[in-house]
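# Observations on the model geometry
Listed below, chain by chain, are the residues.
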Amino acid sequence: GNSVTQMEGPVTLSEEAFLTINCTYTATGYPSLFWYVQYPGEGLQLLLKATKADDKGSNKGFEATYRKETTSFHLEKGSVQVSDSAVYFCALSGTGGFKTIFGAGTRLFVKA
Amino acid sequence: EADIYQTPRYLVIGTGKKITLECSQTMGHDKMYWYQQDPGMELHLIHYSYGVNSTEKGDLSSESTVSRIRTEHFPLTLESARPSHTSQYLCASSVDRAYNEKLFFGSGTQLSVL
């Protein structure tokens, strides 16, 4: 079936470090891929998305490229800030149903 | 930004009480969802709706029930709360477009059952 696997956390980085959070997926057809972010005490909000192979989604310095050949959608940021501390969820949708499938979430801590 | 509201933000109640968690959206979205988020952060879909008078159970079995009498309103009810129901509950909505479904989330209700 369809699924999303993302790296386990927590991930702890110092400010200005490079961030990668790995995400791979299994899906039939051509899903859309998403990264959502959840700040402490809040609901999830969309961070970026890509709807077809080789598309790059970007927002707030974060990027992710839809790689169909490796079924991956890794999240990257060149220089993290303390304010980026949050839980990040990789997700996919559009694979024959209407329900979004989420990964387990990766918690990021950024130290000053 | 998202116009989806959940009340209350926090609720502490005793075992056996009946509770209703409210969720409203002002975006006119047809699709609405309830997720239960465990302490390990993972999201579990417990209910969803494709429109008025449409409700379905999600992937995780839940003792809660939902209703969708109006497009903007999707309340979740627990007839008799138990400590095992202690969790974060997140409501979401989306525009009905397959293959490109962006979800809008409320801020959540943190429920504690004593």
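Residues numbered from 1 in each chain as written. Chains lettered and ligands numbered in written order. Predicted model: local features only at pLDDT ≥ 70, side-chain atom pairs only at ≥ 80, totals over all residues. Heavy atoms only, no water.

## What to know about the sheet that holds strand β1 (residues 4–7) of chain B
For the record, the criterion: Two strands pair under a simple rule: DSSP has to find at least two bridges between them. Here a strand is any run of E in DSSP of at least two residues, a helix any run of H or I of at least four, and the numbering for each starts at the N terminus.
Across the sheet, four strands lie side by side as β1-β3-β8-β7 (chain B); this open sheet has antiparallel pairing. The open sheet has two free edges, formed respectively by β1 and β7 (65–66) of chain B, since each of these has just one partner strand.

## Section: the sheet that holds strand β3 (residues 19–21) of chain A
Residue and element names in this part refer to chain A. For clarity, the threshold we go by: Here an axis means a line fitted to C-alpha atoms, over the contact stretch when the element is a helix, while the angle between two N-to-C directions is reported on a 0 to 180 degree scale.
What the four strands build is an open sheet, ordered β3-β9-β8-β7; its pairing is antiparallel. In this open sheet, the two edge strands, each paired with only one partner strand, are β3 and β7 (56–59). Neighbour-to-neighbour, the strand axes of this sheet turn through a mean angle of 15°, independent of strand direction.

## Observations regarding the nonpolar core
Our working definition: Working definition of a nonpolar core: buried Ala, Val, Leu, Ile, Met, Phe, Trp, Tyr and Cys residues. They are joined through side-chain atoms within 4.5 Å. Each residue is assigned to one of three classes by its accessible area relative to the maximum for its type, calculated with a 1.4 Å probe on protein chains only: buried under 20%, partly exposed between the two thresholds, exposed over 50%.
Of all hydrophobic cores here, the largest spans 26 residues; its most connected members are A:Leu19, A:Trp35, A:Leu47, A:Leu48, A:Phe73, A:Leu75 and A:Tyr88. If you list the elements that add at least two residues to this core, you get β2 (11–14), β3, β4 (23–26), β5 (32–38), β6 (44–50), β8 (62–65), β10 (86–93) and β12 (106–111) of chain A. Counting residues per element, this core draws most heavily on β10(A), which supplies four residues. If you look at the next biggest cluster of nonpolar residues, it comprises 19 residues, including B:Cys23, B:Trp34, B:Val66 and B:Ala81.

## Remarks on the state of the cysteines
Cut-off, in case you're wondering: Sulfur atoms of two cysteines make up a disulfide when they are within 2.5 Å.
Per the counting criterion, the structure on display carries two disulfides over all chains. Between the sulfur of A:Cys23 and that of A:Cys90 lies a disulfide, 1.9 Å long from S to S. Taking the sign of the torsion about the S-S bond as the criterion, the disulfide between A:Cys23 and A:Cys90, at about -70°, is left-handed. Within this pair, whereas A:Cys23 is found in strand β4, its partner A:Cys90 is found in strand β10, the two being separated by 67 residues in sequence. Comparing A:Cys23 with A:Cys90, the two get one shared label, buried. Across the disulfide, B:Cys23 is cross-linked to B:Cys91 (sulfur-sulfur distance 1.9 Å). Its torsion about the S-S bond being -75°, the disulfide of B:Cys23 and B:Cys91 is classed as left-handed. Residue B:Cys23 is located in strand β3 (residues 19–25), and its partner B:Cys91 is located in strand β9 (residues 87–94); the two are separated by 68 residues in the primary sequence. The two residues B:Cys23 and B:Cys91 agree in class, both being buried.

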